[in-house]
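# Examination of the molecular architecture
Spelled out from the first residue to the last, the chains are:
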There are 2 protein chains.
Amino acid sequence: MSLRHAILVLLQDQEASGYDLAREFANSIGLVWNATHQQIYLELGKLSEQDMVRYRHVPQEGKPDKKLYSLTDAGRAELVRWLKKPAGPARIRDAFMVKVAGGALADTQLLLSELDILAKQRRERLATFEALAQRLDESGRDENVYNYLTVRRGILDQRAWLQWAEEVRRSLEHRSADSTAS
Amino acid sequence: MSLRHAILVLLQDQEASGYDLAREFANSIGLVWNATHQQIYLELGKLSEQDMVRYRHVPQEGKPDKKLYSLTDAGRAELVRWLKKPAGPARIRDAFMVKVAGGALADTQLLLSELDILAKQRRERLATFEALAQRLDESGRDENVYNYLTVRRGILDQRAWLQWAEEVRRSLEHRSADSTAS
DNA sequence: AAGTGCTGCGCAATCCGTTGTATACGCACT
DNA sequence: AGTGCGTATACAACGGATTGCGCAGCACTT
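Along every chain, residues carry numbers that run from 1 in the direction the sequence is written. All chains are assigned letters beginning with A, and all ligands numbers beginning with 1, in the order in which they are written. Owing to the predicted nature of the model, reporting of local features is limited to residues with pLDDT of at least 70; listing and counting of side-chain atom pairs is limited to 80 or more, with chain, interface and lining totals taken over all residues. Remark: hydrogens and water are excluded; side-chain values derive from all non-hydrogen atoms of the structure.

### Considerations on the confidence of the model for chain A
- Note on scores: pLDDT gives the predictor's confidence for each residue, bounded by 0 and 100. Residues at a pLDDT of 70 or more form 97% of chain A, whose mean pLDDT is 91.
- Put simply, helix α7 (residues 145-181) of chain A is where chain A has its lowest mean pLDDT, 89, and strand β2 (residues 66-71) of chain A is where it has its highest, 96. Numbered from the N terminus, helices here are DSSP runs of H or I no shorter than four residues, and strands are runs of E no shorter than two.

Right, dumping it as structure tokens:
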């Protein structure tokens, strides 16, 4: 259980609404930890019951009102406590990989077109991350080290995936050339 | 929900016991999809109720009896069906990354020592994967393409992580040098 | 005028996953 | 004799996560 802590980390720098957090989870942090809005609102509710966060109600014009959450001292203390204990191993769920592993039974053309779609998403993400990394690099490195490192992880991850995708493409195209030639 | 499918993929080539599967999940596939033995036994139970897999009871000497599971036609059909529909996006839970993102509040020395431990595990895994890739490459490439590609993913992933770890180390050591020098 | 999409919050049901506990035997080590 | 490890399976309880649904208003397009 540490969606809580991911939220606390995000709130550490700036106050944010549930909606803001959901967007961040879909982007930068999302590569490393993901959550849907329902989960986030639920967790924010629990956190504010436990006085780890507080919120102020912000009415808006043309948009629905929002709640801007920020850390309390107790929340910061909890975060510090959590940072001290060793993190568990990383867990992944990559359905596409499972499909490649079971590729012998799959339609190669289908796999290839799915690969294209995923590669496109990854390339877009890579571009976003690279732009972000440059911005962070230009505007003071030392203050943003931690954000910068997080983004770097995203960049290296996308690159590794894209490189792997190239290998997969070559192998699969090779195989499909074999079978269509027969 | 597709632990089911990961299991079906693994049973596609060879029959295996729950225990065997648990080991595979802890190693090769585990990088991409993880599960504990309880989860696996439970899922095998469901799968066999639904006639997706069957098992034969194998008594052993010196060891407990085991159940060797294999795919049924219905199981293979279900797998093919699943392979056709697009996979969802990959999900990750990497607590260490969250800690780095929240690094401003963390003890740098503690983060560094945790980094060491994780890097060591990754290096070991990398060695395992590289050995496995070589074996697959030597013993016929074309039959093992899918296994080979899966392992390649593991290799590229470990390398990307280790490269990132070096960047983190440099940044953190730089920071801790600053603070101890003051 | 209707449809689509974005901002924003939330409940309920169900399913997935983790953790704890249990059993059983053999082997090796202390 | 006791402890720990490896093989092998399984139940129960709890908490985390996904999916489905609902409300509400504004902006922009068709």
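Read on, since the account is not over.
### What to know about the relation of the copies chain B and chain A
- Each copy superposes on the other: chain B lies on chain A with an RMSD of 0.1 Å after a rotation of 180 degrees and an axial shift of 0.0 Å. With respect to symmetry, the two chain copies, as superposed, fit the operation of a two-fold axis. Closest approach to the rotation axis within chain B is made by the C-alpha atom of Ile92 of chain B, at a distance of 2.2 Å.
- What makes two residues a contact is simply this: any of their non-hydrogen atoms within 4.5 Å. Of the residues that chain B buries at the interface, 100% are likewise interface residues in chain A, meaning the two copies contact each other through the same surface. In superposing the copies, a least-squares fit is computed on C-alpha atoms, taking residues whose pLDDT is at least 70 in both.

### Some details on the interface of chain B and chain A
- At the junction of the two partners, chain B supplies 59 residues and chain A supplies 59 residues.
- By definition here, a salt bridge exists when the distance from a side-chain nitrogen of Lys or Arg to a carboxyl oxygen of Asp or Glu is within 4 Å. Linking chain B to chain A there are four salt bridges.
- Ionic pairing is found between Arg152 of chain B and Glu167 of chain A, a salt bridge with its closest N-O pair at 2.6 Å.
- A 3.5 Å cut-off defines polar contacts: any pair of N or O atoms within that distance qualifies, except that in protein one atom must be a possible hydrogen donor and the other a possible acceptor, and neighbouring residues in sequence count only when both atoms are side-chain atoms. Our count for the contact surface shared by chain B and chain A stands at 18 residue pairs in polar contact (both at pLDDT 80 or more).
- Mapped by element, the contributors of at least two residues to the side of chain B that touches chain A are α1 (3-13), α4 (73-84), β3 (91-93), α5 (95-101), α6 (108-138) and α7 (145-181) of chain B.
- For the side of chain B that touches chain A, the per-class residue count stands at 33 nonpolar, 11 polar and 15 charged.
- Pairing of strand β3 (residues 91-93) of chain A with β3 of chain B involves three bridges; the strand directions are antiparallel. For Ile92 of chain A, the partnering residue across the bridge sits in β3 of chain B and is Ile92 of chain B. Each residue gets one label: Ala, Val, Leu, Ile, Met, Phe, Trp, Tyr, Cys and Pro are nonpolar, Asp, Glu, Lys and Arg are charged, and the others, such as Gly, are polar. Only strands joined by at least two bridges in the DSSP assignment are considered to pair.

### What about the pattern of salt bridges?
- Throughout the structure, instances matching the rule amount to 26 salt bridges over all chains.
- Notably, a salt bridge pairs Asp157 of chain A with Arg122 of chain A, separated by 3.7 Å at the nearest N-O pair. One end of the pair, Asp157 of chain A, is in helix α7; the other, Arg122 of chain A, is in helix α6 (residues 108-138), with 35 residues separating them in the sequence.
- A relative accessible area of 7% means that Asp157 of chain A is categorised as buried.
- Ionic pairing is found between Glu130 of chain A and Arg159 of chain A, a salt bridge with its closest N-O pair at 3.0 Å. With Glu130 of chain A in helix α6 and Arg159 of chain A in helix α7, this pair connects stretches of sequence that are 29 residues apart.
- Between buried and exposed lies partly exposed: a residue is buried under 20% and exposed over 50% of the maximum accessible area for its type, with that area taken using a 1.4 Å probe on protein chains only. Classification of Glu130 of chain A by relative accessible area gives partly exposed; the value is 33%.
- Using a relative accessible area of 39% as the deciding quantity, one classes Arg159 of chain A as partly exposed.
- One network of salt bridges, in which partners are shared, links Asp94 of chain A together with Arg122, Arg153 and Asp157 of chain B.

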